[in-house]
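Coordinate analysis (summary)
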Amino acid sequence: MKIKILFVSILSILLLFTLTGCGRQEVSENLKELAKVEVKEYEGKDLSSIVDFRENSIAGPQNVDISKYKLKIDGLVENPSDFTYDEILTNTKYTKVVRLDCVEGWSVDILWEGVLVKDLLDKVQVKSSANTVIFYAYDGYSTSLPLSTILDKDMIMAFKMNGVVLPPERGYPFQLVAEDKLGYKWAKWITHIELSSDENYKGYWESRGYSNEANAEN
Ligand SMILES: Nc1nc2c(c(=O)[nH]1)N[C@H]1C(S)=C(S)[C@@H](COP(=O)(O)O)O[C@H]1N2
Ligand SMILES: [Mo]
């Protein structure tokens, strides 16, 4: 009898979770496959999984055709340029574990691998009048950070997470690892980086009332 009650209680709780949309979101087959091979710990520290993110991008996952992909870097630079995926990957690669905190109240600790944004900027020679870096994405999203923050924090633009190439849901080909900044600064599907002198530029969520500083709590 007790077992029956326990069984029914567990079933109801599970049902409640499903109905309220609590717990993990529906995860695509592709992500489940990647979760089997991803790196699960790094230097003794447990990592979050590629499936622990909530998918809440403004226009859903984007599928970028890498054969047509170009990253444009322009604005206040001496040499505005377009780079292919392969050209970007010729830069020195760095790995680091960085936590992403979303304003919705979830966070993930992920091992990121990417290239330094600074190394990309050195190629186009930033003018001294620039103080702001604006990231534009394939889905029409944008966000910005002070140039000094990107340089001081050695921010990277990731092409891999937990040892696997970023899947479309997570921003393939590139996501900004905006260390110490809230999730909405972590632009996914980056297509264009503009150097600007507009310190008050406001991206998608910033122009809808979210802090432009966007400091994460930890
Ligand atoms: N291009 C683009 N980048 C984006 C977003 C987006 O909607 N479009 N959402 C941001 C937000 S709010 C978060 S929390 C992180 C992680 O989102 P994800 O869990 O949907 O991958 O991506 C950020 N980068
Ligand atoms: Mo977010």
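Refer to the preceding data block for the structure.
Note that this is a predicted model, so its numbers are computed, not measured. (Residues numbered from 1 in each chain as written. Chains lettered and ligands numbered in written order. Predicted model: local features only at pLDDT ≥ 70, side-chain atom pairs only at ≥ 80, totals over all residues. Heavy atoms only, no water.)

**Section: the site of ligand 1**
Inspection of the region around ligand 1 gives 19 residues, with Arg54, Ile58, Asp139, Trp186 and Lys188 positioned closest. Separating an oxygen atom of ligand 1 from a backbone N or O atom of Arg54 is a distance of 2.5 Å. For ligand 1, whose free accessible area comes to 530 Å², the fraction covered by protein is 98%. Split into classes, the residues belonging to the shell around ligand 1 amount to 10 nonpolar, 4 polar and 5 charged. (Near = heavy atom within 4 Å. Polar contact = N/O pair within 3.5 Å; in protein donor to acceptor, adjacent residues only side chain to side chain. Areas by Shrake-Rupley, 256 points an atom, 1.4 Å probe, with all protein chains shown as cover. Nonpolar A, V, L, I, M, F, W, Y, C, P; charged D, E, K, R; others polar.)

**Comments concerning the sheet that holds strand β4 (residues 81-83)**
Strand order across the open sheet formed by 5 strands is β4-β3-β12-β7-β8, with mixed pairing between neighbours. This sheet does not close on itself; its edge strands, each paired only once, are β4 and β8 (142-146). Within the sheet, the average angular offset between the axes of one strand and its neighbour, ignoring direction, is 20°. For strand β7 (residues 132-137) and β8, the ladder comprises 5 bridges, and the chain directions are antiparallel. Counted as the bridge partner of Tyr136 is Ser142 from β8. Packed on one face of the sheet, helix α4 (residues 117-124) meets β3 (71-75), β4 and β12 (190-196) and runs near 60° to β3. (Pairing = 2+ DSSP bridges. Helix = DSSP H or I, 4+ residues; strand = E, 2+ residues; numbered from the N terminus. Axes fitted to C-alpha atoms, helices over the stretch in contact; angles between N-to-C directions. Contact = heavy atoms within 4.5 Å.)

By themselves, these observations are geometric and do not establish any function.
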